[in-house]
Structures are given as C-alpha cells and as structure tokens.
Amino acid sequence: MIFGIAWFAMVWFGLIMVALIAVVVFILRRSRNARDDAEASTREQQNEVHQQVLEMVRGMHAAAEGLHGRARVKALRDYMDSMSDGLELTSEILFPVSGSPRGEWVVAPGAKPERRILYIHGGSWIAGSPKSHRAITDRLSRLAQASVFAIDYRLMPENRYLDGIIDCRQAYRWILDNGPDGKSPADFLVVAGDSAGGSHVLGLLAWARDQGLELPTAAIALSPSTELMLTSLGRRENLNTDAMLGPTVKKLARIPPPLLWWGTVLGLRVLPTSPMASPLRGKLHGLPPTLIHVSESELLLENAQRYVEKARAAGSPVELKTWPDMVHVWHLFTPLLPEAEDAFEHIGEFLSRVEAGPS
C-alpha cells in the first residue's frame with residue numbers, strides 16, 4: 001500500500017516537473033524569438049538610416065552634376081548649408097562684435113565662456129561654412145560644456161588657399177584672449193575641424209608650436225586631409241567604398257599626373273608638398289594631445305594612419321580611432337546616425353582623459 005502511494009506520488013511529481021520544464025522552454029523560446037525580432041528590427045532601422053545618409057551624400061554630388069566653375073561651387077555651398085536646415089539645436093548662435101574674426105559662437109546651455117573650442121569646417125577649401133557644420137559644433141558645445149567659435153575663413157577660388165590659413169591663425173590668436181562675452185583668457189581650449197578643416201587644424205598646431213604660442217589643451221581632427229593625394233589616384237585603397245570622396249577622385253584620376261600637379265599648384269598657389277597643404281610632410285614633435293577619427297572605408301584612412309605613426313614616433317600624444325563602413329565625416333549626420341553619436345561619446349571620453357591628466 002505504502003509502495004503504491006509512493007509510486008503514485010513520484011509519477012505525479014515527474015509529470016509536474018515535465019510540465020514545468022515545458023513552460024520554461026516555451027518562455028525561453030518566446031523570449032529569444034522576441035529578442036531576435038527586436039534585433040532584426042534594429043538592424044533594419046540602422047540600414048534605413050545608413051541608406052538615408054548615403055542618399056544625402058549622393059544628393060551633394062547630384063546638386064553639382066553637369067555644372068562647372070562658379071556655378072558648381074555655388075551649388076556645393078548651397079547644398080552643404082541646406083544640411084543644417086530643420087536641425088533642432090540646443091545651442092544659441094551668437095555673432096562676434098565688429099573687428100573680430102568672421103564666424104559664429106555656438107553656445108549650449110551650461111557652456112562656460114572660458115572653455116572654448118575653435119572649429120574649422122571642411123568642404124575641400126571651396127565650400128562649407130559655420131552654418132553647414134552646426135550639427136557638429138552644437139554637439140561639441142554640449143559635450144565639452146564649451147563655447148564653440150566656428151571660423152568663417154576665406155574660401156577658394158575667390159581667395160587664395162593661404163588666405164584661409166591666415167584667417168585660422170588670426171582666429172587662434174584671438175580666441176586665446178576672447179570669448180563670447182568679450183575679452184578674457186581661455187582656461188580650456190580645443191582646436192577641432194573636419195576634412196579640409198582637419199588639415200588646417202593639424203597645420204595650425206605645428207604653426208602655434210613654432211611661433212611659441214600657448215598650445216591648445218587638445219586637438220580633434222575628423223576625417224582629416226593629412227596629405228594632398230596627387231599620385232596613383234586610380235589605385236587608391238577604398239576608392240570604391242568612399243561614397244563622398246570616391247566619385248571626385250575617380251574623375252581626377254583621369255587627368256594626366258603632370259597636368260594635375262601643376263593645376264593644383266596654380267589653384268592653391270602653394271606646393272602640394274608644403275606642410276601648409278600636407279601636414280604629414282611637416283615636423284610633428286611637440287604637439288598637444290590630438291585625437292583623429294577616420295572611417296575604415298574612406299580614402300583618407302591610409303594617410304591618417306601615416307600621420308599618427310609619424311607623430312607618435314616624434315613623441316607627440318596622437319591617437320587614432322577608426323569606424324567601419326562609415327562615410328567621410330559621418331559626424332555631420334548626428335543625431336540621425338547612431339555611429340555619429342558613438343563618435344561624439346568617444347570625443348567626450350578623450351577630452352575627459354586629457355583634462356584629468358596622466359593617471
């Protein structure tokens with residue numbers, strides 16, 4: 001009798017355990033399926049965002065397609081400026097008093113006037129403006145709690161290449177002692193820029209060092225041009241994966257090298273091998289902490305890597321961070337592009353480390 005009752009209890013216990021296991025397996029499968037569905041949905045959304053960014057980049061090329069000379073330059077400038085239309089900024093845009101360098105202050109809530117960033121926009125030295133890059137300057141002001149001055153330097157072809165460099169140098173001297181509230185010294189200063197502006201940033205650091213000026217706290221160069229590419233253009237790595245620069249470089253590759261060389265000299269009125277046009281060719285010792293961001297899919301990757309290797313060999317604290325499958329200066333597409341937000345978070349971490357000093 002007792003054995004029968006025990007056997008009966010064990011059977012029921014076994015059935016209950018089987019039922020419990022079945023319930024747990026069902027819940028786990030359902031949870032996994034829900035997670036897989038969520039991940040698939042996230043990937044789909046990311047793909048849509050990346051496609052949207054690519055369409056914007058293609059739109060820039062389409063805007064200038066078939067145009068030449070001043071008409072092409074104007075179309076590029078108008079398109080780049082339009083990229084900030086409808087952008088929700090948290091920062092206030094302020095314009096400096098008469099007699100100051102041309103540009104605009106971008107000041108986020110909580111930004112301190114003694115904390116400053118000089119921003120030099122990109123655009124192949126012929127396009128771009130403080131307006132076109134407000135997505136970046138607004139984000140920098142917020143993450144660094146700093147007042148950002150976006151310099152409106154002179155562009156080609158109306159001006160010489162050197163005129164833009166002179167404007168950036170004057171702005172650097174000025175921002176050391178002038179903030180959004182007027183004359184006062186900076187106690188935190190970052191020089192930042194992208195693409196062609198990133199080239200000006202790197203050149204500016206070496207110039208300030210040679211002039212014996214106070215160096216910035218840090219520097220940031222986003223997808224910078226470190227050397228003018230004039231040789232073997234058709235065989236450049238990432239030529240087919242760079243959606244922004246690739247189409248233009250493919251056209252330049254069809255020009256005979258001697259003609260391209262002298263055309264560049266006449267256009268810039270500076271030798272392509274000059275450190276003013278190719279910072280990689282200059283002396284890279286004694287530079288401040290510098291962060292370079294570049295995409296693993298863009299044409300400027302190799303030269304950025306060479307710049308970092310040379311600077312480190314000279315003893316300068318230069319860092320390189322790369323991102324896979326991003327367009328040239330993907331930071332412009334914040335907050336739409338998640339990787340742009342990731343990049344700005346990395347910039348914030350870099351600046352925090354610099355301010356904290358050696359551990």
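Residues numbered from 1 in each chain as written. Predicted model: local features only at pLDDT ≥ 70, side-chain atom pairs only at ≥ 80, totals over all residues. Heavy atoms only, no water.

### A few points about the overall build of the protein
Move 1: A tally of regular secondary structure across the protein gives 9 helices and 10 strands.
Move 2: Within the protein, contacts between residues separated by at least 24 positions form 74% of all contacts whose residues are at least 6 apart in sequence. (Helix = DSSP H or I, 4+ residues; strand = E, 2+ residues; numbered from the N terminus. Contact = heavy atoms within 4.5 Å.)

### Describing the layout of surface pockets
Move 1: Estimated volume of the largest pocket: approximately 1,600 Å³.
Move 2: If you go around the largest pocket, you meet 47 residues; those closest to its centre are Ser-124, Trp-125, Ile-126, Thr-248 and Leu-252.
Move 3: Every element with two or more residues in the lining of the largest pocket is listed here: α1 (2-64), α2 (69-82), α6 (246-252) and α7 (257-268).
Move 4: Considering every element that reaches the lining of the largest pocket, the biggest residue donor is α7, with 6 residues.
Move 5: Class assignment for the residues of the lining of the largest pocket results in 27 nonpolar, 15 polar and 5 charged.
Move 6: By volume, the second largest pocket is sized at about 280 Å³.
Move 7: In terms of lining, the second largest pocket is formed by 19 residues, of which the most central are Arg-169, Gly-203, Ala-206, Trp-207 and Pro-275.
Move 8: Among the elements of the structure, α4 (161-175) and α5 (196-211) are those that each provide at least two residues to the lining of the second largest pocket.
Move 9: Counting residues per element, the lining of the second largest pocket draws most heavily on α5, at 9 residues.
Move 10: Considered class by class, the residues forming the lining of the second largest pocket number 11 nonpolar, 4 polar and 4 charged. (1 Å grid on protein atoms, 1.4 Å probe; cavity = no way out; pocket = protein on both sides within 12 Å on 5 of 7 lines; lining within 4 Å. Points joined across faces, edges and corners; volume = space filled by probe spheres on them. Nonpolar A, V, L, I, M, F, W, Y, C, P; charged D, E, K, R; others polar.)

### Focus on the packing of helix α3 (residues 134-144) against helix α9 (residues 338-356)
Move 1: The interhelical angle for the contact between α3 and α9, taken along N-to-C directions, is 40 degrees, at an axis separation of 10 Å. It follows from the interaxial angle that α3 and α9 lie oblique. Once α3 is placed against α9, the crossing between them reads as right-handed. Counting all contacts with α3, which are made through Ile-136, Arg-139, Leu-140, Leu-143 and Ala-144, the residues of α9 involved are Glu-341, Phe-344, Ile-347, Gly-348 and Leu-351. (Axes fitted to C-alpha atoms, helices over the stretch in contact; angles between N-to-C directions. Parallel < 35°, antiparallel > 145°, perpendicular 65-115°, else oblique. Left-handed = near helix turned anticlockwise from the far one by under 90°.)

### Points about the side chain of Ser-129
Move 1: Looking at the element boundaries, Ser-129 is found in the loop between β3 (112-120) and α3.
Move 2: When residues no more than four places from it in sequence are discounted, the contact partners of Ser-129 are Asp-81 and His-121.

### Details of the confidence of the model for the protein
Move 1: Here the protein shows a mean pLDDT of 88. Residues at 70 or above account for 86%.
Move 2: Within the model, the stretch residues 34-42 combines pLDDT values under 50 with 0 contacts to residues more than four positions away or in other chains. (pLDDT = per-residue confidence, 0-100.)

### Describing the pairing of β3
Move 1: In this structure, β3 lies alongside strand β4 (residues 146-151), joined through 5 bridges in parallel fashion. Bridging from a neighbouring strand, Ile-117 pairs with Val-148 of β4.
Move 2: In this fold, β3 hands off to α3, which returns the chain to β4; that crossover is right-handed.
Move 3: Direction of pairing for β3 relative to strand β7 (residues 188-194): parallel, over a ladder of 6 bridges. (Pairing = 2+ DSSP bridges. Right-handed = clockwise from strand over helix to strand, strands pointing away.)

### Details of empty space enclosed by the protein
Move 1: This structure, assessed with the given rule, holds 2 cavities of 30 Å³ or more.
Move 2: Looking at the largest cavity, the residues that line it are Arg-236, Glu-237, Asn-238, Glu-298, Leu-299, Leu-301 and Glu-302.
Move 3: Each residue belonging to the lining of the largest cavity can be placed in one class, and the counts come to 2 nonpolar, 1 polar and 4 charged.
Move 4: Forming the walls of the second largest cavity are Trp-125, Tyr-153, Arg-154, Leu-155, Met-156, Arg-160, Tyr-161, Gly-164, Ile-165 and His-200.

### So, the packing of α4 against α5
Move 1: It is at 10 Å that the axes of α4 and α5 come closest, and there the two elements cross at 60 degrees. In terms of axis orientation, α4 runs oblique to α5. In this structure, the crossing between α4 and α5 has a hand that is right-handed. Across from Tyr-161, Gly-164, Ile-165, Cys-168, Arg-169, Tyr-172 and Arg-173 in α4, the residues of α5 making contact are Ser-199, His-200, Leu-204, Trp-207, Ala-208 and Gln-211.
Move 2: Residue composition of the contact of α4 with α5, grouped by class: 7 nonpolar, 4 polar and 2 charged.

### What to know about the pattern of salt bridges
Move 1: One pass over the full model with this rule turns up 15 salt bridges.
Move 2: As a salt-bridge pair, Arg-58 and Glu-55 come within 3.0 Å of each other at their nearest N and O atoms. Of this pair, Arg-58 and Glu-55 both sit in helix α1, 3 residues apart, which is roughly one turn of that helix.
Move 3: A relative accessible area of 42% means that Arg-58 is categorised as partly exposed.
Move 4: Taking the shortest distance from any N to any O, the salt bridge between Asp-163 and Arg-160 comes out at 2.8 Å. (Salt bridge = Lys/Arg side-chain N within 4 Å of Asp/Glu carboxyl O. Buried < 20%, exposed > 50% of the residue type's maximum accessible area, 1.4 Å probe, protein only.)

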